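# Per-entry structural report
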Amino acid sequence: MTKPFRLAVFLSGSGSNAEKIFFHFKNHPVIEIALVLSNNAEAGGLLRAQKFNLPTRVFLKTQFRESGEVLAWLKEYGVTHIVLAGFLWLIPENLIRAFPGRILNIHPALLPKFGGKGMYGMKVHEAVKQSGERITGITIHEVDTKYDEGKIVFQASCKVLPDDTPLQISARVQQLEHEHYPRVIEEWITEPG
Ligand code: GRF
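What you see is a predicted model, and the numbers here were worked out from it, not measured in a lab.

## A few points about the side chain of His-81
- Within the secondary structure layout, His-81 lies in strand β4 (residues 81–84).
- Looking at His-81, its side chain comes within polar contact range of the side chain of Thr-80, at 2.9 Å.
- For His-81, the contacting residues outside a window of four places in its chain are Phe-5, Arg-6, Leu-7, Ala-8, Phe-99, Arg-102, Trp-188 and Ile-189.

Here's what the structure looks like:
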């Protein structure tokens, strides 16, 4: 039986967050993962998806931005909501229009600081370290046409200790991501607004 809420997960890299999401929704009563998509055929997240027997698709920039092919797949799989889990490309307007308020992203810092184009991965944690901030964290937000600017749905914070390296900061932030993202997705879908 098809469930009422069908999630597409977009990823570009290792997919550790995606895996937590796959696990969380494995036997969920009303939400299922319909499709996992990546711009990167080598993304570790695709292997993780296959272990969960989830359908996967890899696409080129033209299929994503111009031909409407990715949008057609989302329709074919009956996708109702999209989550980005380490997906690096800007979402084109046709997708935003097709899924208004129904695309969610996670960013590894406390937006509006340390966001925007080019701010991803270790660059974020290096910038946090450089700035001397004593607190960092995660931001889960809806996606609009600009990087990291949509409505904030949830934030959680953690300490930055004086001797932390960017790697140590990233480990602490990743723990927060894994702890919160699946549950926040679930609440965002089932209790919108
Ligand atoms: C996470 O830090 C997430 O906040 C950011 O990309 C990273 C993805 O990591 N958007 P992983 O591929 O889930 O391990």
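Past the structure itself, the notes keep going.
## So, the pattern of salt bridges
- One pass over the structure, following the stated rule, counts six salt bridges.
- Measuring nitrogen to oxygen at the nearest pair gives 2.9 Å for the salt bridge that ties Arg-6 to Glu-32. With Arg-6 in strand β1 (residues 5–11) and Glu-32 in strand β2 (residues 31–38), this pair connects stretches of sequence that are 26 residues apart.

## A short note on the packing of helix α6 (residues 122–131) against helix α7 (residues 166–190)
- Put simply, α6 and α7 touch, their axes get as near as 9 Å, and they point 115° apart. By the angle between their axes, α6 is roughly perpendicular relative to α7. In this structure, α6 crosses over α7, and the sense of that crossing is right-handed. For the pair formed by α6 and α7, the contact residues are Met-122, His-125, Glu-126 and Lys-129 on the first element and Pro-166, Leu-167, Ile-169, Ser-170 and Val-173 on the second.

## Focus: the packing of aromatic side chains
- Considering all chains together, one arrives at 10 aromatic pairs under this definition.
- Between Phe-59 and Trp-89, the aromatic rings sit 5.8 Å apart at their centres with planes inclined by 65°, giving edge-to-face as the arrangement. Highlighted residues: Phe-59 in the loop between β3 (56–58) and α3 (61–65) and Trp-89 in the loop between β4 and α5 (93–98), separated in sequence by 30 residues. The residues Phe-59 and Trp-89 share a single accessibility class, namely buried.

## Details of the layout of surface pockets
- Here the largest pocket is characterised by a volume of approximately 770 Å³.
- For the largest pocket, the lining is made up of 35 residues, of which Gly-86, Phe-87, Leu-88, Tyr-120 and Gly-121 are closest to its centre.
- For the lining of the largest pocket, the secondary-structure elements that each account for two or more residues are α1 (16–24), β5 (103–107), α6 and α7.
- Tallied by class, residues from the lining of the largest pocket come to 14 nonpolar, 16 polar and five charged.
- Both domain 1 (1–100) and domain 2 (107–179) contribute no fewer than three residues apiece to the lining of the largest pocket.

## A short note on α7
- With 25 residues, α7 should cover 36 Å at 1.5 Å per step; its first-to-last C-alpha distance of 35 Å lies within 8% of that length.
- Along α7, the residues classified as buried are Ile-169, Ser-170, Val-173, Leu-176, Glu-177, His-180, Tyr-181, Pro-182, Val-184, Ile-185, Trp-188 and Ile-189.

## What to know about the pairing of strand β6 (residues 135–142)
- Along β6, seven of the eight residues are buried, which leaves the element largely enclosed by surrounding structure.
- Sheet topology note: the β5/β6 ladder contains four bridges and is antiparallel. Looking across to β6, one finds that Leu-104 is bridged to Glu-142.

## Regarding the pairing of β2
- Of all eight residues in β2, eight are buried; the element is thus mostly enclosed.
- Bridge count for β1 against β2 is seven bridges, and the pairing is parallel. Its bridge partner being in β2, Ala-8 is matched across the sheet by Leu-35.
- What joins β1 to β2 is α1, and the crossover it makes is right-handed.
- Two strands pair when backbone bridges link them, and β2 and β3 are joined in this way by three bridges, in the parallel orientation.

## Describing the domain arrangement of the chain
- Domain boundaries in the chain define domain 1 (1–100) and domain 2 (107–179).
- Its C-alpha centre places domain 1 at a distance of 23 Å from the equivalent point of domain 2.
- Carbon and sulfur atoms supply 66% of the area buried between domain 1 and domain 2, which totals about 820 Å² over both sides.
- Summed over the shared surface of domain 1 and domain 2, the result is zero salt bridges.
- Linking domain 1 to domain 2 there are three residue pairs in polar contact (both at pLDDT 80 or more).
- Mapped onto the side of domain 1 that touches domain 2, the elements with two or more residues apiece are α1 and α5.
- It is α1 that provides the largest number of residues to the side of domain 1 that touches domain 2, a total of three residues.

Criteria and thresholds
- Think of each chain on its own: its residues are numbered from 1, step by step along the sequence as written.
- Local features in this predicted model are restricted to residues whose pLDDT is 70 or higher, and side-chain atom pairs enter the listing and the counts only when it is 80 or higher, whereas totals over whole chains, interfaces and linings include all residues.
- Working from all heavy atoms in the structure, the side-chain values ignore hydrogens and water.
- Each helix is a run of DSSP H or I of at least 4 residues and each strand a run of E of at least 2, with the numbering of both proceeding from the N terminus.
- Think of a polar contact as two N or O atoms within 3.5 Å of one another; within protein, one of them needs to be a possible hydrogen donor and the other a possible acceptor, and neighboring residues in sequence only count if both atoms come from side chains.
- By definition in these notes, contact holds between two residues if any of their heavy atoms fall within 4.5 Å.
- When a carboxyl oxygen of Asp or Glu lies within 4 Å of a side-chain nitrogen of Lys or Arg, that pair is called a salt bridge.
- Every axis corresponds to a line fitted to the C-alpha atoms, with the helix fit spanning only the stretch in contact, and the corresponding angles, defined between N-to-C directions, vary from 0 to 180 degrees.
- Angle categories are assigned with fixed cut-offs, so that under 35 degrees is roughly parallel, over 145 is roughly antiparallel, 65 to 115 is roughly perpendicular, and the rest are oblique.
- With the far helix as reference, a near helix turned anticlockwise by less than a right angle produces a left-handed crossing, and one turned clockwise produces a right-handed crossing.
- Two aromatic rings, drawn from Phe, Tyr or Trp (for Trp, its six-membered ring), form a pair once their centres lie within 6.5 Å of each other, and the interplanar angle then sorts them: stacked below 30 degrees, edge-to-face above 60, tilted otherwise.
- Accessibility here uses a 1.4 Å probe with only protein chains present; expressed as a share of the type maximum, an area under 20% marks a residue as buried, one over 50% as exposed, and anything in between as partly exposed.
- Put plainly, a pocket is an open set of points on a 1 Å grid over the protein atoms alone with protein on both sides within 12 Å along at least five of seven lines, a cavity is a set where a 1.4 Å probe fits but cannot get out, and a lining residue has an atom within 4 Å of a point.
- Grid points are joined across faces, edges and corners, and a volume is the space filled by probe spheres set on the points.
- Gly counts as polar in this scheme, as do all residues outside two lists: the nonpolar Ala, Val, Leu, Ile, Met, Phe, Trp, Tyr, Cys and Pro, and the charged Asp, Glu, Lys and Arg.
- The domain limits used here are those given by an automatic or database domain assignment.
- Here the expected span of a helix is defined as 1.5 Å times the quantity of residues minus one.
- For two strands to be treated as a pair, DSSP must find at least two bridges joining them.
- The crossover handedness rule: strands pointing away from the viewer, path from first strand over the helix to second strand clockwise, crossover right-handed.
- Buried area is calculated as the accessible area (1.4 Å probe) missing from two parts once they are joined, with the contributions of both summed.

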